[in-house]
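# Overview (structure and organization)
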Amino acid sequence: MTDTTSPSQSQPPVETLHQGRWLTLRKRGRWEYVERNNPGGAVIILAVTPDDNVLFVEQYRVAIQQRTIEMPAGLVGDLADQADEGALLAASRELEEETGYRCERVEFLHMGPSSSGMSTEMITFVRAFGLTRVGPGGGDESENITVHEVPRTEAGPWLFARAKEGYSIDPKLFAGLWFIENA
């Protein structure tokens with residue numbers, strides 16, 4: 001692979017246009033992008049129950065003004081007392097918080113950018129194994145999450161049916177389904 005970018009020492013300096021609690025808007029030359037203020041990025045949890053159901057979560061997303069279907073996910077190191085947690089620990093915490101399932105173990109699958117032209121955020125895909133239901137799920141006090149358990153073999157068609165009903169379907173779900181079948 002040939003690197004066609006200019007060396008970092010010849011790039012324009014980074015300007016901070018705005019800093020919020022969770023995001024910072026930056027500019028380098030003519031390029032504007034956002035940075036996550038938590039250095040750990042985000043984690044997406046691929047979880048299949050003992051009954052071979054894939055866990056999805058539904059919630060309203062203010063940024064797009066729409067209900068979405070997603071896999072359980074969350075920010076890594078976003079809690080003050082857990083600022084240095086890793087993706088695997090965050091995944092276990094988020095899985096139980098959002099879905100009510102606890103897992104025996106979590107395995108790293110892949111990490112990559114969420115939107116490389118717009119954000120520095122990196123997303124880690126993990127697989128949760130040995131699931132046991134321990135609570136109702138639904139998220140923390142700031143969330144209103146509905147949990148969906150969908151037969152693994154019907155997950156793709158189920159997602160397309162929800163899209164026809166007007167839900168926003170995160171395209172990363174299809175990467176997640178591929179990982180479930182192939183990783």
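Throughout what follows, the structure given in this document is the object of discussion.

### Focus: the overall build of the chain
Of the regular secondary structure elements, the chain holds three helices and 13 strands. A compact globule built from 183 residues should have a C-alpha radius of gyration of about 16 Å, and the chain, at 18 Å, falls within 12% of that. When the backbone C-alpha atoms are referred to their principal axes, the chain occupies close to 55 × 35 × 35 Å. For the chain, buried positions account for 37% of its 183 residues. Restricting the contact set of the chain to residue pairs at least 6 apart, pairs at least 24 apart contribute 59%. With 17 positive and 27 negative side-chain charges, the chain shows a spacing of 5 Å between the two charge centroids.

### Looking at the packing of aromatic side chains
Within the structure shown, the criterion is met by four aromatic pairs. Seen from their ring centres, Phe 125 and Phe 179 are 5.1 Å apart, and the 55° between their planes marks the pair as tilted. Remark: Phe 179 occurs in helix α3 (residues 172-182) and Phe 125 occurs in strand β10 (residues 122-129); sequence separation between them is 54 residues. Relative accessible area serves as the criterion here: at 8%, Phe 125 is assigned to the buried category. Phe 179 gets classed as buried once you look at its relative accessible area, which sits at 14%. Three or more aromatic residues link up through ring pairs in this structure, and these residues are Phe 125, Trp 178 and Phe 179. Of note, Arg 105 hangs over the ring of Phe 129, and the distance from its end group to the ring centre comes to 4.2 Å.

Conventions adopted
- Residues numbered from 1 in each chain as written.
- Predicted model: local features only at pLDDT ≥ 70, side-chain atom pairs only at ≥ 80, totals over all residues.
- Heavy atoms only, no water.
- Helix = DSSP H or I, 4+ residues; strand = E, 2+ residues; numbered from the N terminus.
- Rg over C-alpha atoms; globule rule 2.2 N^0.38 Å.
- Buried < 20%, exposed > 50% of the residue type's maximum accessible area, 1.4 Å probe, protein only.
- Contact = heavy atoms within 4.5 Å.
- Lys, Arg positive; Asp, Glu negative; His and termini not counted.
- Charge placed at Lys NZ, Arg CZ, Asp CG, Glu CD.
- Phe/Tyr/Trp six-rings, centres within 6.5 Å; stacked < 30°, edge-to-face > 60°.
- Lys NZ or Arg CZ within 6 Å of the ring centre and 35° of its normal.

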